[in-house]
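# Chain and residue survey
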Amino acid sequence: MSAHSTTYQVAGVNSGHCKAIVSGALRELAAVDTVHVEISTGLVTVNSSAPLDDAVVAETVEDAGYDYLGRA
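Rules and cut-offs
Residues numbered from 1 in each chain as written. Predicted model: local features only at pLDDT ≥ 70, side-chain atom pairs only at ≥ 80, totals over all residues. Heavy atoms only, no water. Pairing = 2+ DSSP bridges. Helix = DSSP H or I, 4+ residues; strand = E, 2+ residues; numbered from the N terminus. Phe/Tyr/Trp six-rings, centres within 6.5 Å; stacked < 30°, edge-to-face > 60°. Buried < 20%, exposed > 50% of the residue type's maximum accessible area, 1.4 Å probe, protein only. Salt bridge = Lys/Arg side-chain N within 4 Å of Asp/Glu carboxyl O.

The next point concerns the pairing of strand 1 (residues 4-11). Pairing of strand 1 with strand 3 (residues 43-48) involves 6 bridges; the strand directions are antiparallel. Looking across to strand 3, one finds that Ser5 is bridged to Asn47. Pairing analysis gives 4 bridges linking strand 1 to strand 4 (residues 67-71), with the strands arranged antiparallel. By the bridge assignment, Ala11 is partnered in strand 4 with Asp67.

And the structure:
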């Protein structure tokens, strides 16, 4: 069960393909249970069993080719 839910703002997620790339990249992080990406707003909600390091989330999003804008 997810104990933590954090929402981030990500720019450039404009399609289902982009959504899949961002979701897949974030699901690879340790402790991540689920990822929900809202294409229309760029909001990405990550549910995890432990708190995530924002710097690691930022690096993961940037490495996937999208712009991490911070917590929403």
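Tallied over the full model, the rule gives 1 aromatic pair. With a centroid separation of 5.9 Å and an interplanar angle of 45 degrees, the aromatic rings of Tyr8 and Tyr68 are classed as tilted. Of the two residues, Tyr8 sits in strand 1 while Tyr68 sits in strand 4, which places them 60 residues apart along the sequence. According to the relative accessible area criterion, Tyr68 is buried, its value standing at 18%.

This brings us to the pattern of salt bridges. Inspection of the entire model under this criterion finds 1 salt bridge. A salt bridge links Arg71 to Asp54; its shortest N-O distance comes to 2.8 Å. Placement of Arg71 in strand 4 and of Asp54 in helix 2 (residues 54-63) is noted, with a sequence separation of 17 residues between them.

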